[in-house]
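Chain and residue survey
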Amino acid sequence: MKVLCVFVSLLAAAFAVNNGVCYKGIEEFCSHDKKEINPEKCNSKYGGINKALPHLQEYVKNHIVLNFEYMLMSTYFGNYQKSREGFEKLFMDLSNSKWEKAIDLIKHITKRGGEMDFTKMRANIPNNNNEVYELYEINSLAKALEIEKDMAEAAYHIHGQASERSKDFHDPEIVSYIENEFIHKDSETIRKLSGHVSDLTKLLDSPDSSLALYVFDDYLNKVSIV
Amino acid sequence: MKVILSLTIIFTAIALTSTNTPCDHGALDIPDKWIDMVDSCYDQMKNQVQEELKASIQYLAMGAHFSKDTVNRPGFAKFFFNSASEERQHALKLISYLLMRGKLTTVSDLIKKNIVPKITIWHDGLRALKDALELEGNVTQKIQNVIKVCETPLRADEKKFNDYHLVDYLTGEFLEEQYKGQQELAGKVSNLEKMKLTHKQLGEFMFDKKLLEE
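Under an unreviewed UniProt entry, the name given to chain B is Ferritin, and the source organism is Aquatica leii. In its Catalytic activity (unreviewed entry) section, UniProt records this for chain B: "4 Fe(2+) + O2 + 4 H(+) = 4 Fe(3+) + 2 H2O". The UniProt entry for chain B carries the following comment under Subunit (unreviewed entry): "Oligomer of 12 light (L) chains and 12 heavy (H) chains; L and H chains are disulfide-linked. The functional molecule forms a roughly spherical shell with a diameter of 12 nm and contains a central cavity into which the insoluble ferric iron core is deposited."

Chain A appears in an unreviewed UniProt entry as Ferritin from Aquatica leii. What UniProt records for chain A under Function (unreviewed entry) is the sentence "Stores iron in a soluble, non-toxic, readily available form. Important for iron homeostasis. Iron is taken up in the ferrous form and deposited as ferric hydroxides after oxidation." UniProt, in its Sequence similarities (unreviewed entry) section for chain A, records the words "Belongs to the ferritin family."

Here it is as structure tokens:
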């Protein structure tokens with residue numbers, strides 16, 4: 001009996017945290033002829049979204065910035081001097097993917113009652129002219145591999161925090177979203193890039209390195225990275 | 001003796017820099033007479049790439065705002081997210097054009113990445129549509145400025161080169177799209193504003209669902 005009592009009161013407490021404010025607000029709205037109701041009281045927040053939110057916002061920012069960086073790398077390979085259509089395509093595919101993911105992440109954040117903080121776009125973005133986007137073919141692939149690994153680790157971080165079994169952090173919905181939309185796809189892209197670097201390193205270690213690059217570029221044009 | 005020594009050093013330096021490595025295949029000898037775009041026009045075009053990206057991020061912020069749970073206007077959000085991607089496509093089209101003309105070879109100063117949207121909260125959907133129309137008006141005006149410069153380059157040290165093809169491309173493709181888009185936006189503003197005269201909340205609610213179907 002005691003156990004049941006404790007259980008019931010716990011259950012009631014749990015409901016009170018989430019549901020009290022919205023329902024009470026609506027009751028007031030209906031009974032007191034109150035003109036305004038604060039919709040914030042009936043938001044869609046639950047679970048660990050508050051703790052995950054800053055990391056998700058940072059993750060969106062990184063997607064937007066990478067969309068630009070891959071765009072620049074693609075553009076460089078598209079110039080008439082480099083003239084590497086395959087590399088141009090690879091980096092444009094990566095850029096497009098980062099952009100689409102940024103939008104999808106924003107939609108998901110707002111689905112869970114959060115919002116995107118665009119002031120994050122201001123901070124921590126180096127904008128120097130150190131020409132890091134004008135790279136040799138093999139270097140560009142190595143760089144992309146490292147970027148993708150960093151992003152995969154960032155996804156793991158969000159996943160890890162939302163997997164914590166403590167009240168403010170645990171959020172299976174975010175965990176599942178990150179798994180399905182990012183973690184598995186990241187592993188595919190990373191494996192492909194790693195394979196490309198491995199292949200091209202072997203191919204370049206020959207007297208025919210310029211022909212090898214030509215052939216490899218043609219190959220990249222036919223396969224997909226994302 | 002000193003002269004010979006320094007000459008040897010210079011020659012070795014040249015020899016070293018032009019050595020082919022597995023990754024670098026040396027300097028190229030490609031004729032560049034075909035690259036006829038002048039610098040002032042090129043600068044304007046680069047600037048326009050940034051402008052389109054700025055517009056894209058501004059639309060992204062609109063999409064984000066109308067997706068919020070307590071704002072809940074999925075139709076507006078969809079419309080603005082689409083606009084964001086469209087603006088990004090415009091930037092990519094301009095970049096492709098510059099690549100075709102051979103002018104764009106170095107990319108390090110092409111995009112400033114830390115774009116922060118000017119506005120991130122809107123009173124209602126109507127306000128956002130009006131802001132969007134204003135934004136498009138600004139973009140159109142900037143395209144017209146690019147056209148002017150590319151028709152008659154401003155800088156005194158440049159040859160007077162009327163870039164017919166670029167001007168035609170901007171006029172025919174970009175301005176065409178701008179004017180169509182602006183008419184569409186103005187029409188939406190008009191419809192919504194009329195509805196909201198008497199049905200403020202219901203008007204916006206219905207308009208949102210309509211946008212979702214588009």
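Right, picking up where we left off after that structure.
Our next topic: the state of the cysteines. Residues and elements named next belong to chain A. One pass over the structure, following the stated rule, counts 2 disulfides over all chains. Across the disulfide, C22 is cross-linked to C42 (sulfur-sulfur distance 2.0 Å). Across the disulfide from C22 to C42, rotation about the S-S bond amounts to roughly 95 degrees, and the bridge is consequently right-handed. Of the two residues, C22 sits in helix α1 (residues 2-31) while C42 sits in the loop between α1 and α2 (49-78), which places them 20 residues apart along the sequence.

Turning our attention to the UniProt feature "binding site: Fe cation" (unreviewed entry) in chain A. Residues and elements named next belong to chain A. Following the UniProt record, one finds the feature "binding site: Fe cation" (unreviewed entry) at E148. By the secondary structure assignment, E148 is in helix α4 (residues 137-163). Beyond its immediate sequence surroundings of up to four residues, E148 is in contact with Y70, L94, K98, T189, I190 and L193.

Residues and elements named next belong to chain A. Using the criterion set out here, one finds 2 cavities of 30 Å³ or more in the structure. Considering only enclosed or pocket space, the largest cavity measures out at about 50 Å³ in volume. Lining the largest cavity, in full, are I49, L56, L105, H108, I109, R112, I174 and Y177. Only α2, α3 (85-111) and α5 (172-204) provide two or more residues apiece to the lining of the largest cavity.

Residue and element names in this part refer to chain A. Within the secondary structure, I147 is located in helix α4. With a relative accessible area of 12%, I147 lands in the buried category. For the pair I147 and I190, spaced 43 residues apart in the sequence, the C-alpha separation amounts to 9.4 Å. Residues within four places of I147 in sequence aside, it is in contact with L66 and Y70.

Our focus in this paragraph is the UniProt feature "binding site: Fe cation" (unreviewed entry) in chain B. Residue and element names in this part refer to chain B. In this numbering, the UniProt entry assigns the feature "binding site: Fe cation" (unreviewed entry) to E52, E87, H90, E136 and Q178. The annotated residues occupy 127 residues of the chain but converge on a single region, no pair of C-alpha atoms lying more than 12.5 Å apart. Residue position: E87 is located in helix α3 (residues 74-100). Every residue in contact with E87, bar those within four places of it in the chain, is listed here: E52, A55, S56, Y59 and E136. Positionally, H90 belongs in helix α3.

Cut-offs applied
- Residues numbered from 1 in each chain as written.
- Chains lettered and ligands numbered in written order.
- Predicted model: local features only at pLDDT ≥ 70, side-chain atom pairs only at ≥ 80, totals over all residues.
- Heavy atoms only, no water.
- UniProt positions renumbered as here; feature names shortened; annotations may be inferred.
- Disulfide = S-S within 2.5 Å.
- Helix = DSSP H or I, 4+ residues; strand = E, 2+ residues; numbered from the N terminus.
- Contact = heavy atoms within 4.5 Å.
- 1 Å grid on protein atoms, 1.4 Å probe; cavity = no way out; pocket = protein on both sides within 12 Å on 5 of 7 lines; lining within 4 Å.
- Points joined across faces, edges and corners; volume = space filled by probe spheres on them.
- Buried < 20%, exposed > 50% of the residue type's maximum accessible area, 1.4 Å probe, protein only.

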